[in-house]
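Listed below, chain by chain, are the residues.
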Amino acid sequence: MVTAVPAQAAPKDPVRALKAKLAPGHGVRFTDTVTWSDGIDERGARDSKGVFQFDKKGVAAFDISMDSGYEKQRVISIGKTGYYSGTYLERLLPKGKTWFKAAGGAIPDSWAQFLNPAEPKTLAALIKNGKSKGDSVTGSITVKELKTVSAWVGAAKIGNEHNDIEISYTLTLSSAGLVSRARSSYTMTEDGESQFITVDSRYTGWGSKVSVKAPDPDTVTTKWR
């Protein structure tokens, strides 16, 4: 008597799973936890939460709020236009203005998550560079490599002197093949001193309805005080 062995489901293709969620007016929500260390001292550097809004190709807009404990910031980006507000900027803007308008579409700063798993080309590169085991993918990628595949990184105008920075990462995939967590770490050296940064991001609601809107025009300026 032969007992039938249940067929195991084939692993989901993460890039195909992502592309199935890309539709205007839909997106994904995320949180970031940033940890900083100088090799001796380690502390939480900043917490962020936000949303990516999709078009048919990837990320069309985002809205991110960041809190380092002593400074709060918010960045809204729609297409190639960005709107910036925060504790530091408030002192520099004309009276009655709370948002500064400038170029957008890129990483808000060096303490944000460099890896953007909502970009199909970026996700494909991370899968290709990494090794898969169970529901996780572990690997590394350089800033230079990211510049070639990621609009999120490419539009940030990161200097070539940072091209060799290597970002180690682990992606955790859901049963649907979508990224539920991205943990990355890298080292930056300035003036002979090294900083070790770790960013832990969680993603929820892939494909849910979202709406990123520009601030009230009456609160926006392109001039400093």
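Everything discussed here concerns the structure shown above.
Residues numbered from 1 in each chain as written. Predicted model: local features only at pLDDT ≥ 70, side-chain atom pairs only at ≥ 80, totals over all residues. Heavy atoms only, no water.

(A) Representation of the overall build of the chain in the model. On a plain count of helices and strands, the chain comes out with five helices and 12 strands. Scaling as 2.2 N^0.38, a compact globule of 225 residues should have a C-alpha radius of gyration of about 17 Å, and the chain matches this with 19 Å. A principal-axis box enclosing the C-alpha atoms of the chain has dimensions of 85 × 45 × 30 Å. Counting all 225 residues of the chain, 40% fall into the buried class. The long-range share in the chain, meaning contacts at least 24 apart out of those at least 6 apart in sequence, stands at 58%. With the model as given, the accessible surface of the chain reaches about 13000 Å², and the carbon-plus-sulfur share is 51%. If you average the places of the 31 positive and of the 24 negative side-chain charges in the chain, the two averages end up 10 Å apart. (Helix = DSSP H or I, 4+ residues; strand = E, 2+ residues; numbered from the N terminus. Rg over C-alpha atoms; globule rule 2.2 N^0.38 Å. Buried < 20%, exposed > 50% of the residue type's maximum accessible area, 1.4 Å probe, protein only. Contact = heavy atoms within 4.5 Å. Areas by Shrake-Rupley, 256 points an atom, 1.4 Å probe, with all protein chains shown as cover. Lys, Arg positive; Asp, Glu negative; His and termini not counted. Charge placed at Lys NZ, Arg CZ, Asp CG, Glu CD.)

(B) Structural context of helix 3 (residues 120–129). Within helix 3 the residues assigned to the buried category are Pro120, Thr122, Leu123, Ala125 and Leu126. Turning to helix 3, the residues buried within the fold contact helix 1 (14–19), strand 8 (136–142), helix 4 (143–149), strand 9 (166–173) and strand 10 (179–190).

(C) The packing of aromatic side chains, seen in detail. Throughout the structure, instances matching the rule amount to nine aromatic pairs. Ring plane angle 85° and centroid distance 6.2 Å describe the contact between phenylalanine 52 and phenylalanine 62, whose orientation is recorded as edge-to-face. One end of the pair, phenylalanine 52, is in strand 2 (residues 42–54); the other, phenylalanine 62, is in strand 3 (residues 59–67), with 10 residues separating them in the sequence. Accessibility assignment for this pair places phenylalanine 52 and phenylalanine 62 in one class, buried. Within the aromatic cluster, the residues linked to one another by ring pairs are Phe30, Phe52, Phe54, Phe62, Trp152, Tyr203 and Trp206. (Phe/Tyr/Trp six-rings, centres within 6.5 Å; stacked < 30°, edge-to-face > 60°.)

(D) Focus on a nonpolar patch on the surface. Together, Tyr88, Leu92 and Trp224 make up an exposed nonpolar region whose accessible area comes to about 310 Å². Mapped onto the secondary structure, tryptophan 224 falls in the segment after strand 12 (220–221). According to the relative accessible area criterion, tryptophan 224 is partly exposed, its value standing at 47%. (Patch = residues over 30% accessible without salt bridge, like charges linked within 9 Å, V, L, I, M, F, W, Y side chains within 5 Å. Salt bridge = Lys/Arg side-chain N within 4 Å of Asp/Glu carboxyl O.)

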